[in-house]
Amino acid sequence: MARSNLACRTVLEPLSTFDLATHSGGTSIRSLAVSSLSQSDSDSDSDSQTLIYIGTHSGSLILLSASPNPNPNTDDDGDSVTKRSVSFLRSVSLGDSPVETVLILAGIAKVLVLCDGCLFLVDSLLAQPVKRFTLFRGVSVISRRITTSESESSRLSTVSTSGLESSGASQRFFRKLGGGIKVNGTKTRETEALQSQGNDNHFAVVIAKRLILTELRFGNNRLGKIDDAVNGSLVLLKEMQCIDGVKTMVWLNDSIILGTAHGYSLFSCFTGQSGVIFTLPDESSPPLLKLLGKEKVVLLLVDNVGIVVSEHGQPIGGSFIFRSCPDSVAELSSHMVLVRDGHMELYHKRTSSCIQTVVFGGKGVGPSAVANEENGNGKIIAVATSTKVICYRNVPSEEQIKDLLRKKSFKEAISLVEELECEGEMSKEMLSFVHAQVGFLLLFGLHFEEAVNHFLQSETMQPSEIFPFIMRDPNRWSLLVPRKRYWGLHPPPTPIEDIVDDGLITIQRAIFLRKAGVDSPVDDDFLLNPPTRAGLIELAIKNMIRYLEVSRQKQLTLLMREGVDTLLMYLYRALNRVHDMEKLASSENCCIVRLLSEACLKDDCTTSMGSAGGVGNSIR
């Protein structure tokens, strides 16, 4: 069986490139954000438009659109593959200083932007006038509050107010954050109404040594509408003293994690109390925080080491050792995407393995950024260099599995399906389907024992699917054989001796090519120790017997049971396993004596398998 190559998966593939120089010469990219705009109620890839926001060093916010191609192509299996074209939509100028941060407020179709120490609010399509907030100046960092669940929001209501400013002020603060204040153990109606509107519009900003919590409100009811960007306003909720030199920040539930050149610290948004999480070495890379939205944990970078911590700053699990210190990190479902020095790397969150590396620029390309939707489930990843944005398509899971099977990375293909099943993204039936598909690929590759191992793990595979490998068509059970070709990755079923003959020819050709210095896809074990025809056929028959013996224990139709018992008896005879023949004959069976005798007389199935006489007289 081919070994699994952990770096052979293709999770991302390039789509298109946007050159900033063609639309805004003389400037460069400073920040990047990605959002999706659904065009229908469908969740399909072809029904969504991806919006890409570019913040430049010259103070402009540029909007790109990655729209589905109306004429999708098809892949090798005939499946539709949606292509996307990236186009410029419009831009707005926010000033002359770099656009440091772009926060997408998808729930209210707005975008909050940090530029020149000020905060600006624009609509998601940049079609309406820009709103500049005058409440804050000199803002260096901004972060939006993320809550893990509704239970975390309601948990704010149970926090004791002792030790906080004053009881009345604390209760007002809880309400503004959407938490419920309990009165005699019951939430008030007013509090429930506030909590139901969520916490998406709460932000933390850093101004010098001040940490300020604020809320974005719309009108009198706190509900944003698509056409009221001008009416939005920021309201100060709380101000605390914090450390100097904050470069990065994440607000998760009631904890705020700050990163400076000296290390990472944890602040409570209620008490203002702080503590040190990690201290950085004197000569280390700039601090970098990334919220992993799916798990609701935070990734802290210490040079090329990634440490995952909870909202309380406690390490969770092991650390990630990256190949270099990244410029930027994004989340893509169960993966982390890192960019640096013109390279993009994908790491699996659970295994920490690097599964794909993509080169998007040469050395000296300069700092780069990567972005996906905040929840990490976007269909497009955007990578930005100083002057270009390269869009990559998130390859659907089914296509990834097919690609792994084509590369003979069977172990990883199964692992991927099992992972997707655990995450609820793929059905158990699909796992059985892939086990069967892997089994057929291994069978045609002469790995008979491993093939049957996978057949036995497939709950949907029917015993009749191996009948054509034992007895030539047409026969009594030909109509029982499903006419599905799976994904078309293996040839049609054919008697096992034909598969062995073709395989041996392939091995001999590969040996000849290797002597000429040409590589081949044939396994090294076969090249170093070429098998014999008799040995392969015997191994195939033993494993076919193993599969049919297990199949006898299943609930089968009468016609299916006839085929299983008759062919099992025939294979026993081929290996002269008299004891097993007698055991089957003396038990309750559905062997068709006439067909078995005719097959034996004609050597219809395996002329070189050997034979043992007298079988017909012992069958009931």
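Residues numbered from 1 in each chain as written. Predicted model: local features only at pLDDT ≥ 70, side-chain atom pairs only at ≥ 80, totals over all residues. Heavy atoms only, no water.

- If you look the chain up in an unreviewed UniProt entry, it shows as CNH domain-containing protein from Rhizophora mucronata.

1. As for the overall build of the chain
Here is step 1 of the chain: Tallying secondary structure elements over the chain gives 14 helices and 32 strands in all.
Here is step 2 of the chain: The contacts of the chain with a sequence gap of at least 6 include a subset with a gap of at least 24, amounting to 59%.
Here is step 3 of the chain: About 28200 Å² of surface is accessible on the chain, with carbon and sulfur atoms providing 48% of the total. (Helix = DSSP H or I, 4+ residues; strand = E, 2+ residues; numbered from the N terminus. Contact = heavy atoms within 4.5 Å. Areas by Shrake-Rupley, 256 points an atom, 1.4 Å probe, with all protein chains shown as cover.)

2. Topic: the nonpolar core
One broad rule of soluble globular proteins: the nonpolar side chains tend to lie buried together.
Here is step 1 of the chain: One finds I401, V434, L443, I466, F467 and L548 to be the most contacted residues of the largest nonpolar core, which totals 71 residues.
Here is step 2 of the chain: The dominant element in this core, judged by the number of residues it contributes, is helix α6 (residues 428-444), at 11 residues.
Here is step 3 of the chain: Discounting residues that sit within four places of it in the chain, L548 has contacts with I466, F467, I470, V564, L567, L568 and L571.
Here is step 4 of the chain: Counting 28 residues, the second largest nonpolar core, distinct from the first, contains Y264, L299, L300 and I307. (Core = buried A, V, L, I, M, F, W, Y, C linked by side-chain atoms within 4.5 Å. Buried < 20%, exposed > 50% of the residue type's maximum accessible area, 1.4 Å probe, protein only.)

3. So, helix α4 (residues 397-406)
Because each turn of an α-helix spans 3.6 residues, side chains separated by three or four positions in sequence point in the same direction.
Here is step 1 of the chain: In terms of burial, α4 is largely enclosed, as seven of its 10 residues are buried.
Here is step 2 of the chain: Residues of α4 that are buried include every one of E399, Q400, I401, K402, D403, L404 and L405, and no others.
Here is step 3 of the chain: Count one or two residues on from α4 and you reach K408, which has phi positive near 65°.

4. Remarks on the sheet that holds strand β15 (residues 202-207)
Here is step 1 of the chain: The eight strands lie next to each other as β17-β16-β15-β12-β18-β19-β20-β21, forming an open sheet whose pairing is mixed. A strand with exactly one partner marks an edge of an open sheet, and here the two such strands are β17 (232-241) and β21 (274-279). Taking each pair of neighbouring strands and ignoring which way they run, the sheet shows an average axis angle of 25°. (Pairing = 2+ DSSP bridges. Axes fitted to C-alpha atoms, helices over the stretch in contact; angles between N-to-C directions.)

5. Re the packing of α4 against helix α5 (residues 410-422)
Here is step 1 of the chain: Running from N to C, α4 and α5 cross one another at 160°; their axes reach a closest spacing of 8 Å. Classed by the angle they form, the pair α4 and α5 counts as roughly antiparallel. For the pair α4 and α5, the crossing hand works out as left-handed. On α5, the residues that touch S397, Q400, I401, L404 and L405 of α4 are F410, E412, A413, L416, V417 and L420. (Parallel < 35°, antiparallel > 145°, perpendicular 65-115°, else oblique. Left-handed = near helix turned anticlockwise from the far one by under 90°.)

6. Concerning the packing of aromatic side chains
Here is step 1 of the chain: Scanning the entire structure with this criterion turns up 10 aromatic pairs.
Here is step 2 of the chain: With a centroid separation of 5.9 Å and 65° between ring planes, the pair formed by F455 and Y547 is classed as edge-to-face. One end of the pair, F455, is in helix α7 (residues 448-457); the other, Y547, is in helix α11 (residues 533-551), and 92 residues separate them in sequence.
Here is step 3 of the chain: By the ring-pair criterion, three or more aromatic residues cluster together here, those being F433, F440, F444, F455, F469, Y486, W487 and Y547. (Phe/Tyr/Trp six-rings, centres within 6.5 Å; stacked < 30°, edge-to-face > 60°.)

7. Points about the environment of G366
Here is step 1 of the chain: Summarising the element assignment, G366 is placed in the loop between β29 (354-359) and β30 (369-371).
Here is step 2 of the chain: In this structure the C-alpha to C-alpha distance between G366 and D327, which are 39 residues apart in sequence, comes to 9.6 Å.

8. Remarks on unusual backbone geometry
Here is step 1 of the chain: The omega torsion across D473 and P474 is -5°, close enough to zero to call that bond cis.
Here is step 2 of the chain: Along the chain, P474 turns up in the loop between α8 (467-470) and α9 (496-515).
Here is step 3 of the chain: The backbone of S352 sits at a positive phi, close to 65°, despite the residue not being glycine.
Here is step 4 of the chain: For S352, a relative accessible area of 32% corresponds to the partly exposed category.

9. Observations regarding the pattern of salt bridges
Here is step 1 of the chain: Per the stated rule, a full pass over the model turns up 25 salt bridges.
Here is step 2 of the chain: Across the salt bridge formed by E459 and K428, the nearest N and O atoms sit 3.7 Å from each other. Here K428 lies in helix α6 and E459 lies in the loop between α7 and α8, a separation of 31 residues in the sequence.
Here is step 3 of the chain: Close ionic contact of R472 with D498 constitutes a salt bridge, the shortest N to O distance being 3.3 Å. You can see R472 sitting in the loop between α8 and α9 and its partner D498 sitting in helix α9, a full 26 residues away along the chain.
Here is step 4 of the chain: The exposure class assigned to R472 is partly exposed, which follows from its relative accessible area of 32%.
Here is step 5 of the chain: Here the salt bridges share partners, and the residues they tie into one network are E13, R393 and E399. (Salt bridge = Lys/Arg side-chain N within 4 Å of Asp/Glu carboxyl O.)

10. Regarding the sheet that holds strand β25 (residues 320-321)
Here is step 1 of the chain: Strand order in the open sheet made by the four strands is β22-β23-β24-β25, with antiparallel pairing throughout. Every other strand in the sheet has two partners, leaving β22 (288-292) and β25 as the edge strands with one partner each.
Here is step 2 of the chain: In the sheet, β22 pairs with strand β23 (residues 297-302) via five bridges, with the strands oriented antiparallel. Paired with K290 across the strands is L299, a residue of β23.

11. Focus: the packing of α6 against α7
Here is step 1 of the chain: Here α6 crosses α7 at 165°, and the two axes come no closer than 8 Å. Judged by the inter-axis angle, α6 sits roughly antiparallel to α7. Classified by chirality, the crossing of α7 by α6 is left-handed. Contacts from S432, H435, A436, V438, G439, F440, L442 and L443 in α6 reach F448, E450, A451, H454, F455 and Q457 in α7.
Here is step 2 of the chain: Tallied by class, the residues present in the contact of α6 with α7 amount to eight nonpolar, five polar and one charged. (Nonpolar A, V, L, I, M, F, W, Y, C, P; charged D, E, K, R; others polar.)

12. Concerning the pairing of strand β9 (residues 110-115)
Along a regular strand, successive side chains alternate from one face of the sheet to the other.
Here is step 1 of the chain: The element β9 is largely enclosed, with a buried count of six among its six residues.
Here is step 2 of the chain: Along β9, one buried face is formed by K110, L112 and L114 and the opposite face, lined by V111, V113 and C115, is buried too.
Here is step 3 of the chain: Of the pairings in the sheet, the one linking strand β8 (residues 99-105) to β9 comprises six bridges and is antiparallel in character. By the bridge assignment, L105 is partnered in β9 with K110.
Here is step 4 of the chain: Between β8 and β9, which pair antiparallel in sequence order, lie four residues; one of them, A109, sits at a positive phi of approximately 55°.
Here is step 5 of the chain: Pairing analysis gives six bridges linking β9 to strand β10 (residues 118-123), with the strands arranged antiparallel. Looking across to β10, one finds that L114 is bridged to L119.
Here is step 6 of the chain: Between β9 and the antiparallel strand that follows it, β10, lie two residues; D116 among them carries a positive phi value of about 55°.

13. A look at the side chain of K110
Here is step 1 of the chain: Mapped onto the elements, K110 comes out in strand β9.
Here is step 2 of the chain: At 3.1 Å, the side chain of K110 and the backbone oxygen of I108 are in polar contact. (Polar contact = N/O pair within 3.5 Å; in protein donor to acceptor, adjacent residues only side chain to side chain.)

14. A look at the confidence of the model for the chain
Here is step 1 of the chain: Across the chain, the average pLDDT comes to 83, with 80% of residues at or above 70.
Here is step 2 of the chain: Of the regions scoring below 50 in pLDDT, residues 40-45 engages in eight contacts with residues more than four places distant in sequence or in other chains.
Here is step 3 of the chain: Confidence drops under a pLDDT of 50 for residues 604-620, and excluding neighbours within four residues, the segment shows 40 contacts in the predicted structure. (pLDDT = per-residue confidence, 0-100.)

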